[in-house]
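Overview (structure and organization)
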Amino acid sequence: MGYPDVRPRRLRRTPALRRLVAEVQPAPRELVLPMFVREGLTEPRPITSLPGVVQHSRESLRKAVVEAVQAGVGGIMLFGVPQTRDAVGSGGIDPAGILNVAIRDVVSEVGDATVVMSDLCLDEFTSHGHCGLLAPDPSAPGGVVVDNDATLARYAEMALAQAEAGAHLLGPSGMMDGQIGHVRRALDAAGHTDVGLLAYAVKYASAFYGPFREAVESALDGDRKAYQQDPANAREALREVALDVAEGADIVMVKPALPYLDVVSAVAAAVDVPVAAYQISGEYAMVEAAVANGWLDRDRAVVETLTSIRRAGAQIILTYWAVRAAKLLSALG
Ligand code: PBG
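Owing to the predicted nature of the structure, the values given are computational and were not obtained by experimental measurement. (Residues numbered from 1 in each chain as written. Predicted model: local features only at pLDDT ≥ 70, side-chain atom pairs only at ≥ 80, totals over all residues.)

Section: the packing of helix 5 (residues 148–165) against helix 6 (residues 179–189)
Describing two packed helices takes the angle between their axes plus the distance from one axis to the other. Selection criterion: Lines fitted to C-alpha atoms define the axes here, with helix axes fitted over just the stretch in contact, and angles between the N-to-C directions of these axes take values from 0 to 180 degrees. Secondary structure elements follow DSSP: runs of H or I of four or more residues count as helices, runs of E of two or more count as strands, with numbering from the N terminus. Each angle receives one of four descriptions, namely roughly parallel if under 35 degrees, roughly antiparallel if over 145, roughly perpendicular if within 65 to 115, and oblique otherwise. The hand of a helix crossing depends on one turn: near helix anticlockwise from the far one by less than a right angle means left-handed, and clockwise means right-handed. A pair of residues counts as a contact when their C-beta atoms, built from backbone coordinates, are separated by no more than 7 Å.
Taken N-terminus to C-terminus, the directions of helix 5 and helix 6 make an angle of 50 degrees; their axes are 9 Å apart at the nearest point. It follows from the interaxial angle that helix 5 and helix 6 lie oblique. By crossing handedness, the relation of helix 5 to helix 6 is classed as right-handed. Contacts from Leu152, Tyr155, Ala156, Ala159, Leu160 and Ala163 of helix 5 reach helix 6 at Gln179, His182, Val183, Ala186 and Leu187.

Put into structure tokens, the structure is as follows:
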């Protein structure tokens, strides 16, 4: 049977019909707000390339987290911006480092009322901006490589610092081989068996991280192509995910989101753990720039992108619009 007996438009006629047959609708509880906290600030500082997003002071972070919880978001993901950096990222491991201090602040403010997550990576804390420790390699461009195995030891130390500060879920985002298993064993050996891992399992070497680099004042000169994935590869994503699940990932994430919905979908079909996607800084910035020019309706664009990511199979979405979107989605009912 076809037209004229079949008319798909019948189910689109009224808002009530459309609501009845909608396959997915992202819920506030599925949204996670990434937040930046900068050492030494007394007032929040705007991030030019992420309009509406700020580097928080410790005090403003506490308030913003309470606001996010009240809006109904599912969790927050914390990134720390230190005042000083060194070659080995000591600030990430130091219990008095900005990220660890901020985790404590937030946990003391909201406790278990939301899920407190923290970025487990060295790039915000290293003077060279790479996600790990550097080792000389005459054959590599620049004469150095990121040393996978030496970096794992640092991640383990950083994980313990974050767990001790009270984070519920740690987000290893450095794309080192074996990072999930290594961090899991370190946490377990220290008695932190309840601290979970949200694995940045599939993380592409993306141009769309640009605004994030401003947000964390990244010192990176060069790129991360020797450890993050090639945007051309989808099969490789399934390999990365399978390894992370086998190593004990509690949740796996694909990042960026919108340019990689095919990957989100394939990953969701392949695993039995929850799947997250990170709508990253460049995805946010593109829409905000168009909105600022009067070229897009922000609220519609926000809901549409989140719906697309949800439809592709991500159940959890990290997005800088989490609070705005939670309010919009609550209003939709
Ligand atoms: C690494 C990290 C990055 C992002 C999240 N964790 C940057 C990178 O890999 O270069 C990017 C997030 C975004 O662009 O919104 N610590």
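Re the nonpolar core
Condition: Think of a nonpolar core as buried Ala, Val, Leu, Ile, Met, Phe, Trp, Tyr and Cys residues chained together by C-beta atoms that fall within 7 Å. Buried residues are those with 20 or more other C-beta atoms within 10 Å of their own C-beta, exposed residues have 12 or fewer, and partly exposed residues lie in between; C-beta atoms are placed from the backbone.
Within the largest apolar cluster, 100 residues are counted, with the highest numbers of intra-cluster contacts made by Val32, Leu78, Met253, Val264 and Ala276. The element best represented in this core is helix 5, accounting for nine residues. With sequence-adjacent residues up to four places away left out, Ala276 is seen in contact with Leu198, Ile251, Met253, Ala314, Ile316, Ile317 and Leu318.

Observations regarding helix 5
In plain terms, the rule: Helix span is expected to be 1.5 Å times the residue number reduced by one.
Helix length check: helix 5, at 18 residues, gives a terminal C-alpha distance of 25 Å against a target of 26 Å (1.5 Å per residue), a fit within 8%. All buried positions along helix 5 are accounted for by Thr151, Leu152, Arg154, Tyr155, Ala156, Met158, Ala159, Leu160, Ala161, Gln162, Ala163 and Ala165. Elements in contact with the buried residues of helix 5: helix 3 (90–93), helix 4 (98–110), strand 5 (115–120), strand 7 (144–146), strand 8 (169–172) and helix 6. A positive backbone phi angle near 110 degrees is found at Gly166, which sits one or two residues after helix 5.

Observations regarding the site of the ligand
Here is the rule: Near, as applied to residues and a molecule or strand, means the residue's backbone-placed C-beta atom lies within 6 Å of it. The classification used treats Ala, Val, Leu, Ile, Met, Phe, Trp, Tyr, Cys and Pro as nonpolar, Asp, Glu, Lys and Arg as charged, and all other residues, Gly among them, as polar.
Around the ligand sit Asp119, Cys121, Asp123, Ser173, Tyr209, Phe212, Arg224, Ile280 and Ser281, and those are all the residues in its vicinity. Residue composition of the shell around the ligand, grouped by class: four nonpolar, two polar and three charged.

Some details on the packing of helix 2 (residues 58–71) against helix 12 (residues 322–332)
Between helix 2 and helix 12, the least distance of the axes is 9 Å, while the angle of their chain directions is 25 degrees. Taken together, the axis directions place helix 2 and helix 12 in an arrangement best described as roughly parallel. Where helix 2 crosses over helix 12, the handedness of that crossing is left-handed. From helix 2, Glu67, Ala68 and Ala71 reach across to helix 12, where they touch Ala322, Val323, Ala326 and Lys327. By residue class, the composition of the contact of helix 2 with helix 12 is five nonpolar, no polar and two charged.

Brief notes about unusual backbone geometry
Here the residue pair Tyr3 and Pro4 is connected by a cis peptide bond, since its omega of 15 degrees sits within 30 degrees of zero. Here Pro4 shows up in the segment before helix 1 (15–21). Pro256 follows Lys255 through a cis peptide bond whose omega is -10 degrees. In this structure, Pro256 sits in the loop between strand 10 (251–255) and helix 9 (261–270). In this model, Glu217 sits at a positive phi of 55 degrees, which is unusual for a non-glycine residue. Summarising the element assignment, Glu217 is placed in the loop between helix 7 (210–215) and helix 8 (235–246). Given 16 C-beta atoms within a 10 Å radius, Glu217 is considered partly exposed.

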